[in-house]
Amino acid sequence: MMKQDLKLPKAYKTLLMLALVFGPFYWLAFTEDGQHRTDLALMFVLGKPEFNAALDSFTSALTESKLRESFPKLKLQCGDGENPFGNRICGAPIGTFNQMPASYLTLFLHDARLRAVKVEYKRAYHERIQHWLKARVAAREASALAAPGASPGVIAKPVADGVLIVREGALGKDEEPALLWLSQAAINRRG
């Protein structure tokens, strides 16, 4: 009877070990999904707060105190003064917006009531934000009218109280990666 050799060749073991070591690194560094997860983990490690908000459900009845209560980890810095949407503005650095890396949140208020929200996100996630916006409001779109004043090159989706706006297509070098929610009150005020 012949004795079976069950030993793995040395080259095979070496290749297997290299795949086990470099495979996860390659996934994290060179694939879109891996980079997204790496960015999210980095924001968590850096202690940046999350802003997981259903912007499509926001209304102009929301107040600054209610937002502070709903998002206690945000370090909102506020000041009074005229702005395009009211008479008070608040801002805070953020790490993520609905599981997408982001950098800054700006709230525009008028007499303590929310009128607009601006979420600045990482440029690399512009396409994901566009897809998120389209998917998020797809159910309402069939029964809603087109957003007022929508310009070419802009995705404007009507929501419960107002409109969500993001730049359509690729961003130019001078264009800011930002998602805006404008309340109907802000739209009416701007005319």
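Along each chain, residue indices are assigned from 1 in the same order as the chain's sequence is written. Reporting of local features is limited, given that this is a predicted model, to residues whose pLDDT is at least 70; pairs of side-chain atoms are given and counted only at 80 or more, and all residues count toward the totals for whole chains, interfaces and linings. Side-chain measures were taken over the full set of non-hydrogen atoms in the model, leaving aside hydrogen atoms and water.

**Quick word on the pattern of salt bridges**
Inference 1: Salt bridges are identified by distance alone: a Lys or Arg side-chain nitrogen within 4 Å of an Asp or Glu carboxyl oxygen. Counted under the stated rule, the structure contains seven salt bridges.
Inference 2: E69 serves as the salt-bridge partner of K66, at 3.7 Å between the closest nitrogen and oxygen. Taken together, the residues span about one helical turn, with K66 and E69 both in helix α3 (residues 64-70) at a distance of three residues.
Inference 3: The buried label goes to any residue with under 20% of its type's maximum accessible area, the exposed label to any with over 50%, and the partly exposed label to all in between, with areas taken from a 1.4 Å probe on protein chains only. By relative accessible area, which is 39% here, K66 ends up partly exposed.
Inference 4: Accessibility expressed as a relative area gives 58% for E69, which makes it exposed.
Inference 5: Measuring nitrogen to oxygen at the nearest pair gives 2.7 Å for the salt bridge that ties R167 to E175.
Inference 6: By relative accessible area, R167 is classed as partly exposed at 32%. Numbering of helices and strands runs from the N terminus, with a helix taken as a DSSP run of H or I at least four residues long and a strand as a DSSP run of E at least two residues long.

**What about the environment of R136?**
Inference 1: Note on placement: R136 falls in helix α4 (residues 126-136).
Inference 2: For R136, a relative accessible area of 37% translates into the label partly exposed.
Inference 3: Each residue touching R136, except ones within four places of it in the same chain, is listed here: A54 and D56. Between two residues, a contact is recorded if the distance between any of their heavy atoms is within 4.5 Å.

**A word on the packing of aromatic side chains**
Working definition: an aromatic ring pair is given by the centre-to-centre distance plus the angle between the planes.
Inference 1: Geometry of aromatic contacts follows a simple scheme: Phe, Tyr and Trp rings, the Trp one being its six-membered ring, pair when their centres are within 6.5 Å, and the pair is stacked under 30 degrees between planes, edge-to-face over 60, tilted otherwise. Going through the model one piece at a time under the given rule, you end up with five aromatic pairs.
Inference 2: Measuring from centroid to centroid gives 5.9 Å for F58 and W181, while their planes differ by 80°, and the two rings are edge-to-face. Of this pair, F58 sits in the loop between β1 (50-51) and α3 while W181 sits in strand β9 (residues 178-182); the two residues are 123 residues apart in sequence, bridging distant segments of the chain.
Inference 3: For F58, a relative accessible area of 6% gives the class buried.
Inference 4: With centroids separated by 5.3 Å and ring planes inclined at 75°, the aromatic side chains of F97 and W132 adopt a geometry described as edge-to-face.

**Focus: the side chain of S60**
Inference 1: With respect to the helices and strands, S60 occurs in the loop between β1 and α3.
Inference 2: Judged by its relative accessible area of 18%, S60 is buried.
Inference 3: Setting aside its immediate chain neighbours within four residues, S60 contacts R113, L114, R115, D161, W181, S183 and A185.

**Side note on the nonpolar core**
Inference 1: Joining through side-chain atoms within 4.5 Å is the link that ties buried Ala, Val, Leu, Ile, Met, Phe, Trp, Tyr and Cys residues into a set, and such a set is a nonpolar core. F51, L55 and F58 are the most contacted members of the largest nonpolar core, which has 32 residues in total.
Inference 2: Looking at this core, the elements with two or more residues in it are β3 (86-93), β5 (100-110), β6 (113-121), α4, β7 (154-159), β8 (162-167) and β9.
Inference 3: Per-element accounting of this core gives the leading share, five residues, to β5.
Inference 4: Once residues within four sequence positions are removed from consideration, L55 is found in contact with F97, V117, V119, L164, L179 and W181.
Inference 5: Formed by nine residues, the second largest nonpolar core is a distinct cluster that contains A156, V163, I165 and L182.

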